[in-house]
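Read off the chains here:
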Amino acid sequence: MKIVIIDYGAGNIQSIKFAIKRLGYEADLSSDAEEIRNADKVIFPGVGEAGSAMRMLRSTGLDKVIPTLKHPVLGICLGMQLMCNYSEEGDTKGLGIFDADVKRFDNSVKVPQIGWNQITNLDSHLFDHVENGEYVYLVHSYYVPECADEIARTEYGVNYSTALHRGNFYGVQFHPEKSSKTGEQILKNFLKLELRTKSDEV
Amino acid sequence: MLTKRIIPCLDIKNGRTVKGVNFIDLRDAGDPVELAAAYAEKGADELVFLDISATEEKRKTLAKLVLDVAEQLNIPFTVGGGISSVEDVDILLKNGADKVSINSSAVKNPDLINQLSDKFGSQCVVVAIDAKNIDGKWKVHLVGGKVPTDLDLFEWAKEVELRGAGEILFTSMDHDGTKNGFANEALARLSEELNIPIIASGGAGNIQHFQDTFQKGKADAALAASVFHFKEIEISDLKNQLKTAGIPVRI
C-alpha cells in the first residue's frame, strides 16, 4: 500500500509519518501531483493559518489535484478545514469538498481550544472499535458547525462537527497522530478503508 | 467536554534527563525517550521538555532528541529552554515538536512572539512567564527567576496574548519547589483577564493542590516535575481523585 502525506510546507508532518510507522506502514512525503494521484491513501495535513496554507496549495497547483483524487483522503486539522467551502480565517475560499463553512469560536470559550475532548455521535467505519465519548487531542481556533457531512461531534461552547465524510474524502479536526491509542485506532481504520468502501459500493 | 490537562515536565541536559527519577521499572531513567513513553502510558496528557544544557552542541543534541521523542510518543509535547529565534523553532517543529516554549527571549524581544505565531500559528507558541510577588505586585523574572524585571505579570501576559501566544505557562517563583500548592489567586486572575489557556506551574505537592488549581486557580492545565518523577503522586490516582471531585479529566 502506498501512503502519501501531502507536503506543501504546512504543519507537523513528521509526527504523522511517525504515527503511521508505529502502525507498521511507511508513508512518503510528496508535493508531486502524479505521486499523490497514484497513492492508495492520501493524508492532507495542515497546521497554521488558512489563508497562507491555501496560497501555498494554489502556488503548487495542488488545489486542483486534491478534489479530483479517487482514493481515500484524510484531511487533518487545518487540512480538513481547507476541504470545506470557506473559512472565516483570512476570508479564505476552500477546496469545496465538504459542504460547510468554517467559523471562529466566540469568546465565551478560551481560544484556541487546546487539549483532550470527547468525540460522540460516531457514524463511520473510520471509528470502528472506538467507543462513543473517547478522548482525542485538539488544537484549534476555528471549527466546522454541525453539518450534513458530519461523522463525529464534539462540544466546546457549541456542538460542532469534529469529523466529516463525503465519498472518498474524510476529515478530522483532531490530531489522530497525537491522540494516544484512540488516534492510532482511527489512523489504522483509515488505512484499512479502501477494501471496505469498494465492497460497500458493490 | 474539554478536560483539564496533567503535564509532567522533564529537565534535559545534553540529551539526558537530569533530575533524579525514581522509576524503578525503567531500564534507563536517564533516557528521555523511555521516560516520555512511560508517562504517556501512565496517562499524562502532554509532556514538556525543558533543555537546561548550555553547550555549543545544544541545538544539534536537542533536535536529535526531539526527533527520537516524536518517533515514539503518541501524545503532544512542548520543547523549551534557550529558544531565541525563528530558526530555532523551525528546526524543533520540523523534527516533530508540537509546541515550543519561549521565556526570556520573549521579554528581550517581544516581536519574536508575533514572528512565531505568524509563521507557525499561535497554537504552537507557549510563552512561559516566571514571576515573583514583591510587596503585593507580581513582577516578571528572567533566567529561571534569578533576574527581576519591571514588567508586571498581568500586563505582560496580556501583551503576550495580543502578540499571538497560544498558551501561557505561568510559574510562581514563590511557590516553585515549596510543595505547598500553586499560586491560585494569580492564576485565577490570569484566567479571568485573558482568553487563552493558562498552564499552572510551581508548588505541586499533593493531589489536593491540583484540585485547587483547577477549581480555585481556574487553570486549564497543571505542570509538575518532582512529584511525578519521585512517584509521590501517580497520575492514575491523581486523575481518579480529580474525576471524583467533578473535574473533567481524560481517563
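Conventions used here
- Residues numbered from 1 in each chain as written.
- Chains lettered and ligands numbered in written order.
- Predicted model: local features only at pLDDT ≥ 70, side-chain atom pairs only at ≥ 80, totals over all residues.
- Buried ≥ 20, exposed ≤ 12 C-beta atoms within 10 Å, placed from the backbone.
- Helix = DSSP H or I, 4+ residues; strand = E, 2+ residues; numbered from the N terminus.
- Arc of directions from axis to C-beta.
- Core = buried A, V, L, I, M, F, W, Y, C linked by C-beta atoms within 7 Å.
- Contact = placed C-beta atoms within 7 Å.
- UniProt positions renumbered as here; feature names shortened; annotations may be inferred.
- Nonpolar A, V, L, I, M, F, W, Y, C, P; charged D, E, K, R; others polar.

Visitor: Requested: an account of helix α6 (residues 153-162) of chain B, with residues and values cited.
Guide: Residue and element names in this part refer to chain B. Listed in full, the buried residues belonging to α6 are Leu-153, Trp-156, Ala-157, Val-160 and Glu-161. Along the long axis of α6, the arc covered by the buried residues comes to 140 degrees, so they all point the same way. Across α6 from its buried face, at more than 90 degrees, point the exposed residues Glu-155 and Leu-162. Phi turns positive, to about 115 degrees, at Gly-164, one or two residues after α6.

Visitor: Please give an account of the nonpolar core that cites residues and values.
Guide: Grouped together as the largest cluster of nonpolar side chains are 77 residues, with contacts concentrated most on Val127(B), Ile168(B) and Ala222(B). No other element matches the six residues that strand β6 (residues 125-134) of chain B contributes to this core. If we ignore the near neighbours within four places in the chain, the residues touching Ala222(B) are Ile6(B), Ile7(B), Phe182(B), Ala200(B), Ala204(B), Phe210(B) and Thr213(B). Counting residues in each nonpolar core, the second largest holds 62 residues, with Leu95(A), Leu126(A), Val139(A) and Val172(A) among its members.

Visitor: How would you sum up the UniProt feature "active site" (unreviewed entry) in chain B? Please name residues and give values.
Guide: Residues and elements named next belong to chain B. The UniProt entry lists Asp-11 and Asp-130 under the feature "active site" (unreviewed entry), expressed in the numbering used here. With respect to the element layout, Asp-11 can be found in strand β1 (residues 5-13). With 19 C-beta atoms counted inside 10 Å, the residue Asp-11 sits in the partly exposed group. Discounting chain neighbours no more than four positions away, the residues touching Asp-130 are Asn-103, Val-140, His-141, Gly-144, Gly-145, Thr-171 and Met-173.

Visitor: Tell me what's going on with the interface of chain A and chain B, and back it up with residues and numbers.
Guide: Much of the literature gives interface size as the accessible area that the parts lose upon coming together. Between chain A and chain B, the contact holds 27 residues from the first and 27 residues from the second. Mapped onto the side of chain A that touches chain B, the elements with two or more residues apiece are α1 (13-22), β8 (113-118), β9 (135-140), β11 (150-156) and α6 (180-191) of chain A. Across the side of chain A that touches chain B, the residue classes break down as eleven nonpolar, eleven polar and five charged.

Visitor: Pulling in residues and values, what's your account of the UniProt feature "active site" (unreviewed entry) in chain A?
Guide: All names here are of chain A. Taken from the UniProt record, the annotation "active site" (unreviewed entry) applies to Cys-77, His-175 and Glu-177. A maximum C-alpha distance of 11.1 Å among these annotated residues, which run over 101 residues, shows that they cluster at one spot. Leaving out residues up to four positions away in the same chain, His-175 has contacts with Ile-76, Cys-77, Tyr-137 and Gly-183. Summarising the element assignment, Glu-177 is placed in the loop between β13 (169-172) and α6. With 29 C-beta atoms packed within 10 Å, Glu-177 lands in the buried category. When sequence neighbours within four positions are dropped, the list of residues in contact with Glu-177 reads Ser-15, Ile-16, Ala-19, Gly-183 and Leu-187.

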